[in-house]
Amino acid sequence: MSSTLEKSTQNGASCSADAELVRQSVLKLRPYVPGKPIEEVKRELGLPDDFSIIKLASNENVLGPSPRAVEAMRAATENVWLYPDDTCFELKNALAAHWKLTPQHFIIGNGSDEIIHFLALAFLDKERGDEVIFGAPSFVQYKAAAMIADCAFHAVPLDPNMVHDLAAMKSQISDKTRLIFIANPNNPTGTTVTRAAFETFLEDLPPHVIVVLDEAYDEYVAAEDNPRALDYIQNHNVVSLHTFSKAYGLAGTRVGYGIARPELMQFLQQVRGPFNVNTLAQVAAIAALGDQNHLQNSVKVNAQGRAQLQQAFGEMGLEFIPSQANFVLVNIGRDAAASFNELLRRGVIVRTGTPFGLDSWLRVTVGTREMNQRFISALREVLDS
Ligand SMILES: Cc1ncc(COP(=O)(O)O)c(C=O)c1O
């Protein structure tokens, strides 16, 4: 046991000498809190191994990945003694063909989380006084990126419909603004901005501002007036973020990507660590991209499940935010943390809105028809008790 740990155990307080070792901005950071893993719930509640638990907490694709991706990973296991292809040559070519761009338009990351990190590393300069703008509530990693870079940020409240308030965000732009993050659809609300609103937002933006349109849930969007970053990357400082973790069902492999004009992209390549995307992730992503039938089926099952959940919430008289993603945010009108625990006991893992400041809300990932039904029944029980 380290002396630090001993000291903190004995004194019940962390050692202030240690706190002086670290960059001061890091002291304010809190580790990311992921959705609870199934095995952890079983351990904590002392549930038997065969107790059935469904996890609707991390916006994964409940249908899993394409069987072709699984097969590609199986076939590639023999090669894992070799370092992966550092340039992700094949994957970038596959993406370039898919999006009708060049490989130079892409950067591949260990999840799109890593690309958010690269954006901060490449573009945020504390000495220059750079600032970041993002919505509130929105994906927590934007704030983390600003804090790690020790840069000031503006967390701009969503509008009353829980949609990004682009006009309010624009009004925060100053000569210090460097990065603006817009999750579209937004996490945790599932809402999208309109193309018209986004285009008005882009008009006359100063050239020192980079807009990051995080399209992690893009495949699920049904709204016809949804903007797509690809239409803007050539003529604006727009970076698009995508992931294989959601609709492509590959969250466990950690692979995501960014798209921007090559002149911007080169700076992200400069901060990327070597071999950041492992071999299995690369082959899985290529195979998944090649199986658009699986993707379309996942999108269809999600649309049906989303409608099923939203209808049930309506029937239960619960306020919810109509979603364009693979999760729905619902106001249960009481302490979400307590209800979360009650749901766990019934074998259903969801997410509370608490990290987003939404204490009476739950965010539930869309499951299969059966999973959604099980969640709805469990929620009815909890709310009736
Ligand atoms: C809006 C948004 N962006 C990015 C991510 C990160 O995805 P990943 O790192 O798995 O690609 C998530 C994950 O939940 C998300 O909700």
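Residues numbered from 1 in each chain as written. Predicted model: local features only at pLDDT ≥ 70, side-chain atom pairs only at ≥ 80, totals over all residues. Heavy atoms only, no water.

**Student:** Please clarify how the nonpolar core should be interpreted in this entry.
**Tutor:** As a rule of thumb, soluble globular proteins bury nonpolar side chains together. Counting 49 residues, the largest nonpolar core has I182, F198, F201, V211 and F244 as the members making the most contacts within it. Ranked by residues supplied to this core, first place goes to helix 12 (residues 279–289) with six residues. Here this core spans two domains, and each of domain 1 (22–63 + 294–384) and domain 2 (67–291) adds at least three residues to it. The residues contacting V211, other than those within four sequence positions of it, are I180, I182, F198, F201, L202, L205, N237, V238 and V239. Ranked by size, the runner-up nonpolar core spans 30 residues in total, among them L344, V348, I349 and L383. (Core = buried A, V, L, I, M, F, W, Y, C linked by side-chain atoms within 4.5 Å. Buried < 20%, exposed > 50% of the residue type's maximum accessible area, 1.4 Å probe, protein only. Helix = DSSP H or I, 4+ residues; strand = E, 2+ residues; numbered from the N terminus. Domains from an automatic or database assignment. Contact = heavy atoms within 4.5 Å.)

**Student:** I would appreciate a short explanation of empty space enclosed by the protein in the present structure.
**Tutor:** If a probe as big as a water molecule is rolled over the atoms, it shows which places are left empty. Evaluation of the coordinates by the stated rule reveals three cavities of 30 Å³ or more. Taken as a whole, the largest cavity spans an internal volume of roughly 70 Å³. E60, N61, V62, L63, Y220, S298, V301, N302, N326, V366 and G367 are the residues that line the largest cavity. A breakdown of the residues in the lining of the largest cavity according to their chemical character gives five nonpolar, five polar and one charged. (1 Å grid on protein atoms, 1.4 Å probe; cavity = no way out; pocket = protein on both sides within 12 Å on 5 of 7 lines; lining within 4 Å. Points joined across faces, edges and corners; volume = space filled by probe spheres on them. Nonpolar A, V, L, I, M, F, W, Y, C, P; charged D, E, K, R; others polar.)

**Student:** Would you mind showing me how to read the packing of aromatic side chains here?
**Tutor:** Each aromatic ring pair is summarised here by two numbers: the centre-to-centre distance and the angle between the ring planes. Enumeration over the complete set of coordinates arrives at 13 aromatic pairs. Arranged with centres 5.7 Å apart and planes meeting at 45°, the rings of F244 and Y257 form a pair that is tilted. Taken together, the residues F244 in the loop between strand 7 (238–243) and strand 8 (256–259) and Y257 in strand 8 connect sequence positions 13 residues apart. Here the two residues F244 and Y257 agree in accessibility, since each one is buried. (Phe/Tyr/Trp six-rings, centres within 6.5 Å; stacked < 30°, edge-to-face > 60°.)

**Student:** Honestly, the sheet that holds strand 8 in this entry has me stumped. Any pointers?
**Tutor:** Pairing between sheet strands relies on hydrogen bonds along the backbone, with the strands arranged either parallel or antiparallel. Here we have seven strands laid out as an open sheet, ordered 2-8-7-6-5-3-4, and mixed in their pairing. Edge positions in the open sheet fall to strand 2 (106–109) and strand 4 (152–157), since each of these has one partner strand only. Strand-to-strand twist across the sheet, computed as the mean angle between neighbouring axes with direction ignored, equals 20°. Pairing analysis gives five bridges linking strand 5 (residues 177–183) to strand 6 (residues 210–214), with the strands arranged parallel. Residue pairing across strands places A183 opposite D214, the latter belonging to strand 6. Each of strand 2, strand 7 and strand 8 is contacted by helix 6 (residues 89–99), which is oriented at about 125° to strand 2, the strand it contacts most. Against the sheet, helix 10 (residues 195–202) touches strand 5, strand 6 and strand 7, its axis set at about 160° to strand 6. (Pairing = 2+ DSSP bridges. Axes fitted to C-alpha atoms, helices over the stretch in contact; angles between N-to-C directions.)

**Student:** How do you make sense of the site of the ligand when you look at a structure like this?
**Tutor:** Surrounding the ligand, one finds 13 residues, the nearest of these being S112, D214, Y217, T243 and S245. Here an oxygen atom of the ligand and a side-chain polar atom of T243 are 2.6 Å apart. In this structure, R254 approaches the ligand through a side-chain N or O atom, which is 2.7 Å from an oxygen atom. When the ligand sits alone it has 400 Å² of accessible area, and the protein chains cover 94% of it. (Near = heavy atom within 4 Å. Polar contact = N/O pair within 3.5 Å; in protein donor to acceptor, adjacent residues only side chain to side chain. Areas by Shrake-Rupley, 256 points an atom, 1.4 Å probe, with all protein chains shown as cover.)

**Student:** So what exactly am I meant to see when it comes to a negative patch on the surface here?
**Tutor:** A surface patch of like charges, here negative, comprises E199, E203, D204 and D231. Mapped onto the fold, E203 is located in the loop between helix 10 and strand 6. (Patch = residues over 30% accessible without salt bridge, like charges linked within 9 Å, V, L, I, M, F, W, Y side chains within 5 Å. Salt bridge = Lys/Arg side-chain N within 4 Å of Asp/Glu carboxyl O. Lys, Arg positive; Asp, Glu negative; His and termini not counted. Charge placed at Lys NZ, Arg CZ, Asp CG, Glu CD.)

**Student:** How should I be thinking about the domain arrangement of the protein in this particular structure?
**Tutor:** The assigned domain composition of the protein is domain 1 (22–63 + 294–384) and domain 2 (67–291). Between domain 1 and domain 2 the total buried area reaches about 2500 Å² when both faces are included, carbon and sulfur atoms providing 64% of it. The largest per-residue losses of area from domain 1 upon contact with domain 2 belong to L295, Q324 and F356, which jointly make up 25% of the total buried on that side. Along the contact surface separating domain 1 from domain 2 lie zero salt bridges. Put simply, domain 1 and domain 2 have 12 residue pairs in polar contact (both at pLDDT 80 or more) between them. Among the elements that line the side of domain 1 that touches domain 2, the one with the most residues is helix 13 (residues 292–315), at six residues. The class makeup of the residues in the side of domain 1 that touches domain 2 is 12 nonpolar, 10 polar and five charged. (Buried area = accessible area lost by both parts, 1.4 Å probe.)

**Student:** Help me understand the sheet that holds strand 12 (residues 351–353), please; the structure alone is not making it clear to me.
**Tutor:** Spatial ordering of the open sheet is given by 9-10-13-12, a layout of four strands whose pairing is antiparallel. Looking along the sheet, the strands with just one partner apiece sit at the ends: strand 9 (319–321) and strand 12. Going across the sheet, the axis of each strand differs from the next one's by a mean of 30°, ignoring polarity. Docked against the sheet, helix 14 (residues 336–345) engages strand 12 and strand 13 (358–365), running at close to 35° with respect to strand 13.

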